[in-house]
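Structural features, examined
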Amino acid sequence: MTEFVATIGNLRQQPWSLWWVQFRRFARIEIRRNLFTRRAWWIYFLAFVPALIILVHLLVDAHRGNADVSEDTQVLAGIVQLYYVRLGIFFGCLGIFSRLIRGEMIERSLHYYLLSPVRRELILLSKFFAGAVSSVVLFGGAVLLDFVLMYVGYGAAGRDYMMHGQGFGQIEAYLLITVLACLGYGSIFLLLSLIFRNPMPGALLLWGWEAINPVMPSLLQKLSVASYLRHLMPVSVPAEGIFALLTVETEPVSAWVAVLGLLVLIALVLVYTCYRMRRLEIRYMTD
Amino acid sequence: MNAATDTIRFENVSKFYGEVLGVNRITLRLEPGVTTLVGPNGSGKTTLMNLMTGLVQPSRGEVSVLGLKPSNATEFFCNVGYCAQFDSFPRGLTGFQFVLDSLMLFGMSDEDAHGLAVEALERVQLDAAAAHRKIAGYSKGMRQKVRLAQAVAHHPRVLVLDEPLNGLDPMARAESLALFQELGRQGMHVVISSHILDEVDRVSDRVVLITGGYLIAQGNIHEVRQEVRDKPMQLLVRCDSPELLASKMFAVNHCVEARLHADGRGVFVRTGDVDQFYRILNEIAVEGLVKIEAVAPFDDNANAIYQYLIGSEGGTV
């Protein structure tokens, strides 16, 4: 009991207000870099290319009498599961999160951060937060836009489906999936960028791992981001042909278990990443 | 203030990069003042500085700066400023923003940070118009100045400077050296590595000589010179009869060379026993045959000491 009280007392003595100022400052700088620089254009492209295609369909192939909401619902589910989770968010997060630390090493500017009066864990977590905000804004915004464009062509029926029908629950689930995918892949790519000079081979291995994960024993299935996200999908996508490689079939678990499981996985990865950050050395010559 | 909280300490520190030796078994204690690290490329100067500031961690041994460890970043970097040799900056910033952004991380108000940034840039003589231009358009000398400004802006007690004179023109070098000397006099620790030995030599309170990762000598330049017993010391004696003095010096055993100065008003003497030399010089002065005007060590500088100890040209260090 006395140890617990001492720990609480020790925590209270920490300079939380200073840490908060430093956290906000780092996060603001990093969000600006992630969203408002020319280097981010290809991530915008990854995020918004489905919206562009849906928009073209909406303009050229306007919904007529034979249009079917349930068919478009399947298409949207396919876009989220097959494109966003497995490709768009995956590679978008690779671009955003692997740059946070490794990019600074390549530009030889990381030492300025490490020589500032900021705990290294705080530097890492504020950068992770900035990456998460950037990726969620981009991909969450894109999924929301896809959703609206998909149903707006149906007029009043479409609006009713989005606002009062099943559509509302679906978009909630898709946004939750997007947030978790960004956090999950983001944490892993941040770690990979700290371990490897070039995180790309590791990322491709992860991509392969995510593809073969469904055939792994159930214990190993827990080490996959996509397998958790699959349980949160509001609409299932039939896995046929080549698309079977991009879908994940896992043992059924409840949504809460999936969310908690993924959050635990993210927390573990971040704790280890913080440990690596503490031991990080600046040796630009070899980086 | 006790010794541990007022010194920079290396306790049997070794650093290996894989199988490559960075520094080996360095035990060192640096007091306040200006300390110059002298050694050839790859000798371990930057490794020592990086160990001091936590950019690399020792494979063995312990480093502490004013009793602080870099792992306690908040307190440590309030007391330490490091101007590293990496000539790179975060993208898209002006010199002023760069210094201001660094200061804001100390949790100070906008107003205070602004004031300190202006003061630091004035200190390194970077004019206000240039400070508000993008760093990407700076000359090498200006980039060096802005890095120095960032390192000194928060008024650290320890200033570590890796090749701080690189890229500076002679005027800027002189101004920077005057600044280092002033900071040293104020009781700060100023640790400099530089290959322009003749210049840093003049402002240094002590030198640390390293080569191949090993510490060779340390201390006040004159003390280190005295330690080099096996090398004759060279002195310049200014007098009214240099030829007579030279002939008298040749007569004693410890004098290995006596050579007239080009201006004909002095003699270079190389002696293996400085104490004996001074004793005999006093006797000559008392005799009254030669009027001694001045005596000064001629190779009592880091460059010469470095050549004696390491056997290479100090100027290329």
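This structure is a prediction, so every number in the text was calculated from the model and none was measured.

Rules of the game
- Residues numbered from 1 in each chain as written.
- Chains lettered and ligands numbered in written order.
- Predicted model: local features only at pLDDT ≥ 70, side-chain atom pairs only at ≥ 80, totals over all residues.
- Helix = DSSP H or I, 4+ residues; strand = E, 2+ residues; numbered from the N terminus.
- Rg over C-alpha atoms; globule rule 2.2 N^0.38 Å.
- Buried ≥ 20, exposed ≤ 12 C-beta atoms within 10 Å, placed from the backbone.
- Contact = placed C-beta atoms within 7 Å.
- Expected span 1.5 Å × (residues − 1).
- Pairing = 2+ DSSP bridges.
- Axes fitted to C-alpha atoms, helices over the stretch in contact; angles between N-to-C directions.
- Domains from an automatic or database assignment.
- Parallel < 35°, antiparallel > 145°, perpendicular 65-115°, else oblique.
- Left-handed = near helix turned anticlockwise from the far one by under 90°.
- Core = buried A, V, L, I, M, F, W, Y, C linked by C-beta atoms within 7 Å.
- pLDDT = per-residue confidence, 0-100.
- Right-handed = clockwise from strand over helix to strand, strands pointing away.

1. A closer look at the overall build of chain A
Per the secondary structure count, chain A includes 12 helices and 0 strands. Along the chain direction, N to C, the helices and strands of chain A fall in the order α-α-α-α-α-α-α-α-α-α-α-α. What you see for chain A is a C-alpha radius of gyration of 21 Å, in line with the 19 Å of a compact globule of 287 residues. A principal-axis box enclosing the C-alpha atoms of chain A has dimensions of 65 × 45 × 35 Å. Counting all 287 residues of chain A, 37% fall into the buried class. A separation of at least 24 residues holds for 84% of the contacts in chain A among residues at least 6 apart in sequence.

2. Some thoughts on the overall build of chain B
A tally of helices and strands in chain B yields 12 helices and 13 strands. Each principal axis of the C-alpha distribution contributes one length, and for chain B these read about 70 × 45 × 40 Å. Residues classed as buried in chain B amount to 44% of the 317 residues present. Summarising the internal contacts of chain B: among those between residues at least 6 apart in sequence, 66% fall at separations of at least 24.

3. Some points on helix 6 (residues 140-152) of chain B
Residue and element names in this part refer to chain B. Its 13 residues place the ends of helix 6 19 Å apart at the C-alpha level, agreeing with the 18 Å of an ideal helix rising 1.5 Å per residue. In terms of burial, helix 6 is largely enclosed, as 10 of its 13 residues are buried. Every buried residue of helix 6 is accounted for by Met 142, Gln 144, Lys 145, Val 146, Arg 147, Leu 148, Ala 149, Gln 150, Ala 151 and Val 152. Tucked into the core, helix 6 has its buried residues touching strand 5 (80-83), helix 3 (95-104), helix 4 (110-123), helix 5 (128-131), strand 6 (158-162) and helix 7 (170-185).

4. Quick notes on the sheet that holds strand 9 (residues 214-219) of chain B
All names here are of chain B. Spatial ordering of the open sheet is given by 5-6-7-3-8-9, a layout of 6 strands whose pairing is mixed. Here the strands that pair on one side only, and so sit at the sheet edges, are strand 5 and strand 9. The average undirected angle you get between the axes of adjacent strands in this sheet is 15°. As judged from the 4 bridges shared by strand 3 (residues 33-38) and strand 8 (residues 206-211), these two strands associate in the parallel manner. Within strand 8, the residue paired with Leu 37 across the bridge is Val 208.

5. Here's the deal with the domain arrangement of chain B
By a widely used convention, the size of an interface equals the accessible area lost when the partners come together. Here the domain parsing of chain B yields domain 1 (3-219) and domain 2 (227-316). Computed from C-alpha atoms alone, the centre-to-centre distance between domain 1 of chain B and domain 2 of chain B is 37 Å.

6. A short note on the interface of chain B and chain A
Counting from both sides, the interface comprises 22 residues of chain B and, opposite them, 21 residues of chain A. Counting only elements with at least two residues in the side of chain B that touches chain A, the list comes to helix 1 (45-53), helix 2 (73-79) and helix 3 of chain B. Ranked by the residues each element gives to the side of chain B that touches chain A, the list is headed by helix 2 of chain B, at 4 residues.

7. Some words on the packing of helix 6 (residues 120-152) of chain A against helix 8 (residues 166-195) of chain A
Residues and elements named next belong to chain A. Contact pair helix 6 / helix 8: the axes reach a minimum separation of 9 Å and the direction vectors enclose 150°. Here helix 6 is positioned roughly antiparallel relative to helix 8, judged by the angle of their axes. Where helix 6 crosses over helix 8, the handedness of that crossing is right-handed. Between helix 6 and helix 8, the residues in contact are Phe 128, Gly 131, Ala 132, Ser 135, Val 136, Phe 139, Gly 140, Val 143, Leu 144, Phe 147 and Tyr 151 and Gly 167, Ile 171, Tyr 174, Leu 175, Thr 178, Val 179, Cys 182, Leu 183, Gly 186, Ser 187 and Leu 190, respectively.

8. Some thoughts on the sheet that holds strand 4 (residues 60-65) of chain B
Residue and element names in this part refer to chain B. With antiparallel pairing, the 3 strands of this open sheet are ordered in space as 2-1-4. This sheet does not close on itself; its edge strands, each paired only once, are strand 2 (20-30) and strand 4. Averaged over neighbouring strand pairs, the angle between their axes works out to 25° when direction is ignored. Bridge count between strand 1 (residues 8-17) and strand 4: 5 bridges; the pairing is antiparallel. Along strand 4, the bridge assignment pairs Arg 9 with Ser 64.

9. A short note on the nonpolar core
Residues and elements named next belong to chain B. The biggest cluster of nonpolar side chains holds 137 residues, and the ones touching the most others in it are Val 99, Ala 117 and Ala 149. When we break this core down by domain, the ones giving at least three residues each are domain 1 (3-219) and domain 2 (227-316). In contact with Ala 117, not counting residues within four places along its chain, are Phe 96, Val 99, Leu 100, Leu 103 and Ala 153. Counting residues in hydrophobic clusters, the runner-up holds 14 residues, among them Cys 239, Met 249, Cys 255 and Ala 258.

10. A closer look at the confidence of the model for chain B
Residues and elements named next belong to chain B. Mean pLDDT over chain B stands at 86; residues scoring 70 or higher make up 91%. Predicted confidence is poor over residues 313-317, with pLDDT under 50, and the contacts of this stretch with residues over four places away or in other chains come to 14 contacts. For this predicted complex, the interface score ipTM comes out at 0.78, while the overall pTM is 0.82.

11. Concerning the pairing of strand 7 (residues 189-193) of chain B
Residue and element names in this part refer to chain B. A large share of strand 7 lies buried, amounting to 5 of its 5 residues. Residues His 189, Val 191 and Ser 193 point to one face of strand 7 and Val 190 and Ile 192 to the other, with burial holding for every one of them. Inspection of the sheet shows strand 3 paired to strand 7 by 5 bridges, in the parallel sense. Counted as the bridge partner of Val 34 is Val 190 from strand 7. With 5 bridges connecting them, strand 6 and strand 7 associate as parallel partners. Looking across to strand 7, one finds that Asp 162 is bridged to Ser 193. Between the parallel pair strand 6 and strand 7, the chain is carried across by helix 7, and the sense of this crossover is right-handed.

12. Quick word on the pairing of strand 6 of chain B
Residues and elements named next belong to chain B. A large share of strand 6 lies buried, amounting to 5 of its 5 residues. The two faces of strand 6 match: Val 158, Val 160 and Asp 162 on one face and Leu 159 and Leu 161 on the other face are all buried. Alignment of strand 5 against strand 6, held across 4 bridges, turns out to be parallel. Directly across from Val 80, in strand 6, lies its bridge partner Val 158.

13. A short note on helix 1 of chain B
Residue and element names in this part refer to chain B. Among the 9 residues that make up helix 1, 9 are buried, leaving the element largely enclosed by the rest of the structure. Considered for burial, the residues of helix 1 that qualify are Lys 45, Thr 46, Thr 47, Leu 48, Met 49, Asn 50, Leu 51, Met 52 and Thr 53. Immediately downstream of helix 1, the backbone of Gly 54 shows phi near 80°, a positive value.

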